[in-house]
Amino acid sequence: MGVLVTIAGLGYMANGFAMILAPTFAGALFPFVAVPILAGEASLCLWLLVKGVNAERWRMQDHREELIP
């Protein structure tokens, strides 16, 4: 999943550079860049929805930080 999110970030970066340097080329490039971006973002979103946060562990960590001066 980390690799997919990294590839999505590279896709965002490539699209941003293309929009600045060659706006007409950016329009043609976007459909090819959108697929890896969608894969990375969707994998992160699905992982967060399925795995979520362990609420009990989160509360324990928050409680520990309150005890440390």
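Residues numbered from 1 in each chain as written. Predicted model: local features only at pLDDT ≥ 70, side-chain atom pairs only at ≥ 80, totals over all residues. Heavy atoms only, no water.

1. A look at the confidence of the model for the chain
Averaged over all residues, the pLDDT of the chain is 87; the fraction at 70 or higher stands at 93%. Between the elements of the chain, mean pLDDT differs from a low of 75, seen in helix α3 (residues 55-67), to a high of 93, seen in helix α1 (residues 2-21). (pLDDT = per-residue confidence, 0-100. Helix = DSSP H or I, 4+ residues; strand = E, 2+ residues; numbered from the N terminus.)

2. Regarding helix α2 (residues 23-51)
Taking 1.5 Å per residue, 29 residues should reach 42 Å; α2 reaches 39 Å between its end C-alpha atoms and fits that length. Considering bend angle alone, the principal kink of α2 is centred on Leu29 and spans about 45°; proline Pro31 follows within four residues of it. Ala26, Leu29, Val33, Ile37, Gly40 and Ser43 are the residues of α2 that are buried. Where α2 is buried, its residues contact α1. (Expected span 1.5 Å × (residues − 1). Bend = angle between axes of the 7 residues up to and from the residue. Buried < 20%, exposed > 50% of the residue type's maximum accessible area, 1.4 Å probe, protein only. Contact = heavy atoms within 4.5 Å.)

3. A look at the environment of Ile7
Position of Ile7 relative to the elements: it lies in helix α1. We classify Ile7 as partly exposed; its relative accessible area is 37%. When the C-alpha positions of Ile7 and Arg64 are compared, they lie 36 Å apart, and in sequence the two are 57 residues distant.

4. A few points about a nonpolar patch on the surface
There is a patch of nonpolar side chains on the surface, built from Met1, Val5, Leu44, Trp47 and Leu48 and spanning about 420 Å² of accessible area. Among the elements that make up the nonpolar patch, the one with the highest residue count is α2 (3 residues). Tracing the backbone through its elements, the reader meets Leu48 in helix α2. Since its relative accessible area comes to 46%, Leu48 is described here as partly exposed. (Patch = residues over 30% accessible without salt bridge, like charges linked within 9 Å, V, L, I, M, F, W, Y side chains within 5 Å. Areas by Shrake-Rupley, 256 points an atom, 1.4 Å probe, with all protein chains shown as cover. Salt bridge = Lys/Arg side-chain N within 4 Å of Asp/Glu carboxyl O.)

5. What to know about the side chain of Asn15
Residue placement: Asn15 occurs in helix α1. By relative accessible area, which is 12% here, Asn15 ends up buried. Those residues in contact with Asn15, other than ones at most four positions away along the chain, are Ala26, Phe30 and Val33.

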